[in-house]
Amino acid sequence: MMPSSFSAVPLPSGNAGHPHDSLLPEHLQPLLALSLTPEPSHERHVEAHLDAGCRLLGMTTAILGHAESSRYEIMAAVNPPAGREVGGECPLEETWCSSVIAQAACVAHRHISAEEDTRAHAAYSCMPFESYVAAPLWSEGRLTGTLCFGDETPRQQDFTASERALVETLATALGQLLDVQRAKERTRSELDNLRLAYQKMEGLFSHCSLPMALMDFHGHWTRMNPAFSRLLGMEPKELTCSALEDISHPQDMLSCREALSAMRTGDISEYRQPHRYLGRHGQMIDVMLELKVIDSRAGIILSQHEDISERRAHEASLTKLRHQLETRSPAAGRLPGSTLDKLMPFELIEQQLDNEIARSARHGQPLCILILSVDDLEDYTREYGHVAGERPLQQVASILRNASRKSDLLCMREDNSLMAILTSTDASGAIILAERVRHAAAELSGLDRPITCSVGLTGYHPAPETMRLANRLELMDRAQQALKKAQRQGCNRVRFLDPDPVMPLDAGTLTNLPPKPAGTD
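All values derive from a computational prediction rather than experimental measurement. (Residues numbered from 1 in each chain as written. Predicted model: local features only at pLDDT ≥ 70, side-chain atom pairs only at ≥ 80, totals over all residues. Heavy atoms only, no water.)

Q: Account for the overall build of the protein chain, with residues named and values stated.
A: A count of helical and extended segments in the protein chain gives 14 helices and 16 strands. Considering only contacts within the protein chain whose residues lie at least 6 apart along the sequence, 61% involve residues at least 24 apart. (Helix = DSSP H or I, 4+ residues; strand = E, 2+ residues; numbered from the N terminus. Contact = heavy atoms within 4.5 Å.)

Right, dumping it as structure tokens:
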């Protein structure tokens, strides 16, 4: 029986002796000539081996075949019989090669029809051979096929040891040729993939809107994309003749030198830090500098330079506004230092919202509006008094302030609802923040009685293909409508209006939140 997986058959043991040992001089000389004669192609080289085998053995047909599972494919042939042309396939059991594969050894028949066992073989009716000799083909350490020679006439004498050795030697040589050819094909494929990857990287590098440049371990620029040249207002030729140190603020170069030195010694491979450049006209340019070693042997570093000048100016403006709020006199009836007194005036946040919408559109970043109302606050105030009624609002405002970021803007409106502009925040992020605030408010202690909150949300995510800006009044109205929807549905809930986002299934940040009260949906 033929083994089901002949590819697992190991290479023949070297202790059995090399087939060359049995070769006669008349066989050795042509083989030597084959190894020394250059051929124009792999196919022609294989064909020369098959021709030589036919000539030396006095046989008309030579077939080099690949066996895979139960199929046999003809890879090359000289004078093949009908139905056995190059590229053709047939069941392995219908070939004489099935015996070669099963035994993993040379098989020879001088007169097939005179042998009872061979007449019963399935190949007898498919292959018009009377004499046949074949050897296993080993490639990349596996038994992958056969080299066989056949003729329609029987031989007078058995195949000699030298003739068998000739077939085995030719099979070994062809296996090595196949190995070399496959290695070349893999190399070509890898080079093609590298070429495509380089072309893709070249296109991304050149057309990327993010300023990028290549530098060596000493900080000398070797290449930069157009966005980097535009950021600094300098021509590529100017930058190529300079280094990181030449255009950087001296104070920022201290940490950069340490990072480049650590990259050179292999201690680190990445570095990220705010950095300041000096533009052509002496202006200060704030960037987030990110360095990554992409080839440690060649000493190539990819540098990325995100322009954060506008963000820094925005943060400075917010800091100034907060300072003004902190130094403002407290409203009548409120204690100094109240969280409510530190919120921005509603009139000012309306103006700031226009700026945030424009900034969101410019950078393609999402923006969300949040309006929060303490449920039944008027009843609470009537029951416990004005001062006590302000305490829940102060604590909820403090929760919202702590849950949001410094770049988010908060205010209190005339109806005692809280409003927040959540910058660079998408719908899912806004919902997560609102749910945290809602649950934290429900767990407040030290009040005259427990409270709950309702939250309305809406968002603006500018599409890259449009320059249309959102309308400030429309955004606030949508957030107000979302709040009313939450209140109509029973309060103590968060609602997002237009569109209603699909929350990610892996939003682990919500898994630890306590469940909503029964019957609130």
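Q: Explain empty space enclosed by the protein to me, and be specific about the residues and the numbers.
A: Applying the stated criterion across every chain yields a total of 1 cavity of 30 Å³ or more. Taken as a whole, the largest cavity spans an internal volume of roughly 50 Å³. Along its surface, the largest cavity is lined by I63, Y72, I74, R84, T95, W96, C97, M127, Y132 and C148. Grouping the amino acids of the lining of the largest cavity by side-chain chemistry returns 8 nonpolar, 1 polar and 1 charged. (1 Å grid on protein atoms, 1.4 Å probe; cavity = no way out; pocket = protein on both sides within 12 Å on 5 of 7 lines; lining within 4 Å. Points joined across faces, edges and corners; volume = space filled by probe spheres on them. Nonpolar A, V, L, I, M, F, W, Y, C, P; charged D, E, K, R; others polar.)

Q: A description of helix α14 (residues 472-488) should follow, citing residues and the corresponding values.
A: Here α14 is 17 residues long and its end C-alpha atoms lie 25 Å apart, about the 24 Å a rise of 1.5 Å per residue gives. Of all the residues in α14, the buried ones are L475, M476, A479, Q480, A482, L483 and A486. Axial view of α14: buried residues confined to an arc of 155°, hence all on one face. In α14, the exposed residues that point more than 90 degrees away from the buried face are L473 and R488. Count one or two residues on from α14 and you reach G490, which has phi positive near 115°. (Expected span 1.5 Å × (residues − 1). Buried < 20%, exposed > 50% of the residue type's maximum accessible area, 1.4 Å probe, protein only. Arc of directions from axis to C-beta.)

Q: I'd like a rundown of the sheet that holds strand β14 (residues 418-423), residues and numbers included.
A: Overall, mixed pairing links the 5 strands, which are arranged β13-β14-β12-β15-β16 in an open sheet. Across the chains shown, the open sheet's two edge strands, defined by having one partner strand only, are β13 (409-412) and β16 (494-496). The mean angle between the axes of side-by-side strands here comes to 15°, regardless of whether they run parallel or antiparallel. Where β13 lies against β14, 4 bridges are found, and the strand directions are antiparallel. Bridge pairing links C411 to M419 in β14. Against the sheet, helix α10 (residues 346-363) makes contact with β12 (367-374), β13, β14 and β15 (453-460), and its axis sits at roughly 20° relative to β14, the strand it touches most. (Pairing = 2+ DSSP bridges. Axes fitted to C-alpha atoms, helices over the stretch in contact; angles between N-to-C directions.)

Q: Break down the nonpolar core for me, citing the residues and quoting the values.
A: If you look at the biggest cluster of nonpolar residues, it comprises 32 residues, and the most contacted ones within it are L370, L372, V396, L400, L418 and L457. At the level of elements, β12, α11 (377-384), α12 (386-403), β13, β14, α13 (427-442), β15 and β16 are the ones that each hand at least two residues to this core. The element contributing the most residues to this core is α13, with 7 residues. For V396, the residues in contact, after removing those within four places along its chain, are L372, V374, L418, A441, L444, I451 and C453. (Core = buried A, V, L, I, M, F, W, Y, C linked by side-chain atoms within 4.5 Å.)

Q: An account of the sheet that holds strand β9 (residues 270-278) is requested, with residue identities and associated values reported.
A: Judged by pairing direction, the sheet is antiparallel, and its 5 strands sit side by side in the order β8-β7-β11-β10-β9 without closing on themselves. In this open sheet, the two strands that pair with only one neighbour each are β8 (221-224) and β9. Mean inter-strand twist for the sheet, computed between neighbouring axes without regard to direction, equals 30°. Bridge analysis of strand β7 (residues 212-215) against strand β11 (residues 300-307) gives 4 bridges, and the strand direction is antiparallel.

Q: Talk me through the environment of P128; I want residue IDs and the actual numbers.
A: Mapped onto the fold, P128 is located in the loop between α4 (116-119) and β5 (131-139). Among the residues examined, P128 registers a relative accessible area of 38% and is labelled partly exposed. Filtering out sequence-adjacent residues up to four positions away, P128 remains in contact with P81, D151 and E152.

Q: Can you break down the packing of aromatic side chains residue by residue, with the values?
A: Applying the stated criterion across every chain yields a total of 4 aromatic pairs. Note on W96 and Y132: the rings are 6.2 Å apart at their centroids and 45° apart in plane angle, and the pair reads as tilted. Placement of the pair is W96 in the loop between β3 (89-91) and α3 (97-103) and Y132 in strand β5, with a sequence separation of 36 residues. Since its relative accessible area comes to 3%, W96 is described here as buried. Both rings, one in F228 and one in Y277, keep their centres 6.3 Å apart while their planes meet at 75°; by these two values the pair is edge-to-face. (Phe/Tyr/Trp six-rings, centres within 6.5 Å; stacked < 30°, edge-to-face > 60°.)

Q: Give me the lowdown on helix α8 (residues 250-264), citing residues and values where you can.
A: With 15 residues, α8 should reach 21 Å at 1.5 Å per residue; the first-to-last C-alpha distance of 21 Å fits that figure. For α8, the set of buried residues is D252, M253, C256, A259, L260, A262 and M263. Packing partners of the buried residues in α8 comprise β7, β9, β10 (284-295) and β11. Trailing α8 by a residue or two, G266 shows a phi angle of about 85°, which is positive.

Q: Let's hear about the packing of α10 against α14: which residues, and what values?
A: For the pair α10 and α14, interaxial distance at closest approach is 10 Å and the crossing angle is 110°. In this view, α10 runs roughly perpendicular relative to α14, as classed from their interaxial angle. Two packed elements cross with a definite hand, and for α10 against α14 that hand is right-handed. For the pair α10 and α14, contact is made by F346, E350, L353, D354 and I357 and by R472, L475 and M476, respectively. (Parallel < 35°, antiparallel > 145°, perpendicular 65-115°, else oblique. Left-handed = near helix turned anticlockwise from the far one by under 90°.)

Q: Requested: an account of unusual backbone geometry, with residues and values cited.
A: Unusually for a residue other than glycine, C491 sits at a positive phi of about 65°. Within the fold, C491 resides in the loop between α14 and β16. Even without glycine at this site, N492 takes up a positive phi of about 50°. Its location among the elements puts N492 in the loop between α14 and β16.

Q: Explain the pairing of β11 to me, and be specific about the residues and the numbers.
A: Examined bridge by bridge, β10 and β11 share 8 bridges and lie antiparallel to one another. Opposite M288, over in β11, you have E306 as the bridge partner. Linking β10 back to β11 in an antiparallel pair, the connection comprises 4 residues, with G299 at a positive phi of about 70°.

Nothing here speaks to function; it is geometry throughout.
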